[in-house]
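Listed here are the chains, written in short residue letters.
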Amino acid sequence: MKEILEAILADELDAVAGLDVPDHYQGITVHEDEVEMFAGLPTREKDPRKSLHLDEVRTPELGPGEALVAVMASAINYNTVWTSIFEPVSTFGFLKRYGRLSSLTKRHDLPYHVVGSDLAGVVVRTGPGVQAWKPGDEVVAHCLSVELESPDGHNDTMMDPEQRIWGFETNFGGLAELAMVKSNQLMPKPKHLTWEEAASPGLVNSTAYRQLVSRNGAGMKQGDTVLIWGASGGLGSYATQFALNGGATPICVVSSPEKAEICRKMGAELIIDRAAEGYRFWKDENTQDPKEWKRLGSRIRELTGGDDPDIVFEHPGRETFGASVYVARKGGTIVTCASTSGYEHVYDNRYLWMNLKRIIGSHFANYRESWEANKLVAKGKIHPTVSRVYPLAETGQAALEVHSNLHQGKVGVLCLAPEEGLGVRDPEMRAQHLTEINRFRGL
Ligand SMILES: NC(=O)c1ccc[n+]([C@@H]2O[C@H](COP(=O)([O-])OP(=O)(O)OC[C@H]3O[C@@H](n4cnc5c(N)ncnc54)[C@H](OP(=O)(O)O)[C@@H]3O)[C@@H](O)[C@H]2O)c1
């Protein structure tokens, strides 16, 4: 590993193909014999630092269409939080089901799960049949893993019955020194970014792109008004940028003056601090309060001069969904990709059908959508939102911050990269965008 890293740091990428790949590497894992470790504890008390381990694991043999990547940096996504607290289910169930598919997928069914769904790094080996990528290529990876043997996925690969999220529903994820991906997950690393910056947009950028911009999601257009929950968080910080970049008006919902300030720095003008407003959409565990939906709707109209949102960008789920359905404009769209606060949503259907609103489910993104989202980063139109960076050994702490909602934007993780700031190939372009690139830094 040391030789591979030295070659990358010395910019001798052509040499990588000739270097030995070690048969073991370090990766962040959860253990199958610990899935009950948090039994009985409330969600917020489940501590990822206890369940995420830095282990030495075996390097997998590559199959057709696969690639092994030396991971310079990765990032924390909420799915790693879910894996680490074994909620809503243990991810070992995913690995077992995947393992039953074929002798190749059996490699994923192990008593440990190497997690992580983002990476920036260098290809070190490719499996049989890979034409488009070669050892030495500097890459980022999106996290859609598909088999594509069924016709169902051939219009939109997210529809493949064997669609999985790499590093969550498959093994050998990105929070490690090496990662195994399918070659159709690879995309060029944006040249003006450091490893940790390049590793951070992947999952959330692609998800927000499909959810908000793509015709498979809400199909946002110029002039739309978009209500964005968690607008300074992982998904929200990209949704806010897409809205601004695409000629729409974001209404950013956040929970502190600091987060409101970040949204202002991104260029948003209409901001709601949900903590300061004190919304209580639920009177108790079972009863919602429509007066509170109306209060949110009035605040939105006050900010927009009377417009209701064309699109509501949803992911908090149970706590906010009733309000989201209520405040969307007549004919508007509520597009949802998650249920952080609970997956049993309750809303008043009269507001939906009488006002011809639509609810759209959205999940990650296909290769094309991920590619387009990555292209926007590579062109300097959308920027990374890294606030803090941790070494691989402190991944548990990084995941805890995301779990506790103490972070801003994205939390990065250095894997092989010995320090921050490395990997920039286009310093001139970087200089043009430095302020935007560093907007979330140190927050
Ligand atoms: N389906 C997919 O493909 C996909 C992809 C990415 C993420 N996800 C899921 O989407 C969710 C968000 O991911 P993320 O990376 O954006 O996480 P994140 O960085 O933690 O951001 C989420 C934001 O949502 C807001 N929020 C949290 N709980 C809330 C509540 N009860 N009511 C209102 N706002 C709330 C918070 O912002 P404020 O406190 O500032 O309001 C928080 O910063 C997670 O559940 C994740 O698993 C799904």
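To be clear, the structure that these remarks concern was listed above.
Note that this is a predicted model, so its numbers are computed, not measured.

Thresholds, definitions, all that
Residues numbered from 1 in each chain as written. Predicted model: local features only at pLDDT ≥ 70, side-chain atom pairs only at ≥ 80, totals over all residues. Heavy atoms only, no water. Salt bridge = Lys/Arg side-chain N within 4 Å of Asp/Glu carboxyl O. Helix = DSSP H or I, 4+ residues; strand = E, 2+ residues; numbered from the N terminus. Buried < 20%, exposed > 50% of the residue type's maximum accessible area, 1.4 Å probe, protein only. Core = buried A, V, L, I, M, F, W, Y, C linked by side-chain atoms within 4.5 Å. Contact = heavy atoms within 4.5 Å. Pairing = 2+ DSSP bridges. Right-handed = clockwise from strand over helix to strand, strands pointing away. Phe/Tyr/Trp six-rings, centres within 6.5 Å; stacked < 30°, edge-to-face > 60°. Lys NZ or Arg CZ within 6 Å of the ring centre and 35° of its normal. Axes fitted to C-alpha atoms, helices over the stretch in contact; angles between N-to-C directions.

A full pass over the atoms with the stated rule returns 26 salt bridges. With a shortest N-O distance of 2.9 Å, glutamate 277 and arginine 299 are connected by a salt bridge. A residue pair is termed long-range when its members are at least 10 positions apart, and glutamate 277 in helix H9 (residues 274–277) and arginine 299 in helix H10 (residues 290–304) qualify at 22 residues. Overall, glutamate 277 belongs to the partly exposed group, its relative accessible area being 26%. In this structure, arginine 368 engages glutamate 372 in a salt bridge whose closest nitrogen and oxygen atoms are separated by 2.9 Å. In this pair, arginine 368 and glutamate 372 both sit in helix H13 (residues 367–378), four residues apart, roughly one turn of the helix. When its relative accessible area of 53% is taken as the criterion, arginine 368 is described as exposed.

If you look at the biggest cluster of nonpolar residues, it comprises 109 residues, and the most contacted ones within it are Ile8, Leu119 and Leu186. Broken down by element, this core gets its largest block of residues, seven residues, from strand S3 (residues 66–75). In this view, isoleucine 8 contacts Leu13, Val16, Ala70, Met72, Val122, Trp195 and Arg425; residues no more than four positions away in its chain are not counted. Within the second largest apolar cluster, 20 residues are counted, among which are Trp229, Ile251, Val327 and Leu352.

One face of the sheet, then the other: side chains in a regular strand alternate in exactly this way. Taking every second residue as pointing to the same face, both faces of strand S17 (residues 333–336) are buried, with Thr333 and Val335 on one and Ile334 and Thr336 on the other. Bridge analysis of strand S16 (residues 311–314) against S17 gives four bridges, and the strand direction is parallel. What sits directly across from isoleucine 311, in S17, is threonine 333. Taken together, S16, helix H11 (residues 318–327) and S17 form a β-α-β motif whose crossover is right-handed. Looking at chain direction, S17 and strand S18 (residues 358–361) are connected through four bridges and run parallel. For threonine 336, the partnering residue across the bridge sits in S18 and is glycine 361.

Before going further, it helps to spend a moment on the environment of alanine 132. Here alanine 132 lies in the loop between strand S5 (119–126) and strand S6 (138–141). The sequence separation of alanine 132 and leucine 186 amounts to 54 residues, and the corresponding C-alpha distance is 9.3 Å.

Moving on to the packing of aromatic side chains. Applying the stated criterion across every chain, the model contains 11 aromatic pairs. Taken together, the ring pairs in this structure connect Trp229, Tyr279 and Phe281 into an aromatic cluster. One cation-aromatic arrangement involves lysine 189 over tryptophan 195; the distance from NZ or CZ to the ring centre is 5.2 Å.

So, on to the sheet that holds strand S11 (residues 225–228). Reading across from one edge, S13-S12-S11-S16-S17-S18 is the order of the six strands in this open sheet, with parallel pairing throughout. This sheet does not close on itself; its edge strands, each paired only once, are strand S13 (270–273) and S18. Looking at each pair of strands side by side, their axes are set apart by 20° on average, direction ignored. Helix-sheet contacts for helix H6 (residues 202–213) involve S11, S16 and S17, and the interaxial angle to S16 is about 150°. Packed on one face of the sheet, H10 meets S11, strand S12 (249–254) and S13 and runs near 150° to S13.

Moving on to unusual backbone geometry. In this structure, the amide linkage connecting glutamate 87 to the following residue, proline 88, adopts the cis form with an omega of -15°. By the element assignment, proline 88 lies in the loop between helix H3 (78–85) and helix H4 (92–99). Within the chain, leucine 148 stands out as a residue other than glycine whose phi angle is a positive 60°. With respect to the secondary-structure elements, leucine 148 resides in the loop between strand S7 (144–145) and strand S8 (164–165). For leucine 148, a relative accessible area of 26% puts it in the partly exposed group.

What follows deals with the environment of valine 386. Along the chain, the position of valine 386 falls in strand S19 (residues 386–391). In this structure the C-alpha to C-alpha distance between valine 386 and serine 117, which are 269 residues apart in sequence, comes to 16 Å. When near neighbours in sequence (up to four residues on either side) are disregarded, valine 386 contacts Glu196, Glu197, Ser200, Lys410, Gly412, Phe440 and Arg441.

So, about the side chain of histidine 403. Relative to the helices and strands, histidine 403 resides in helix H14 (residues 395–403). The class for histidine 403 is buried, based on a relative accessible area of 12%. Beyond its immediate sequence surroundings of up to four residues, histidine 403 is in contact with Thr43, Arg44, Lys46, Pro48, Tyr78, Val81 and Ile85.

This part takes up the pairing of S6. Alternating positions in S6 separate into two faces, Glu138 and Val140 on one and Val139 and Ala141 on the other, with burial throughout. Here S5 pairs with S6 via four bridges, running antiparallel. Across the sheet, leucine 119 pairs through a bridge with alanine 141, a residue of S6. Here S6 pairs with strand S10 (residues 186–188) via three bridges, running antiparallel. Counterpart to alanine 141 in the pairing with S10 is leucine 186.

Don't take any of this as a statement about function, it's just geometry.
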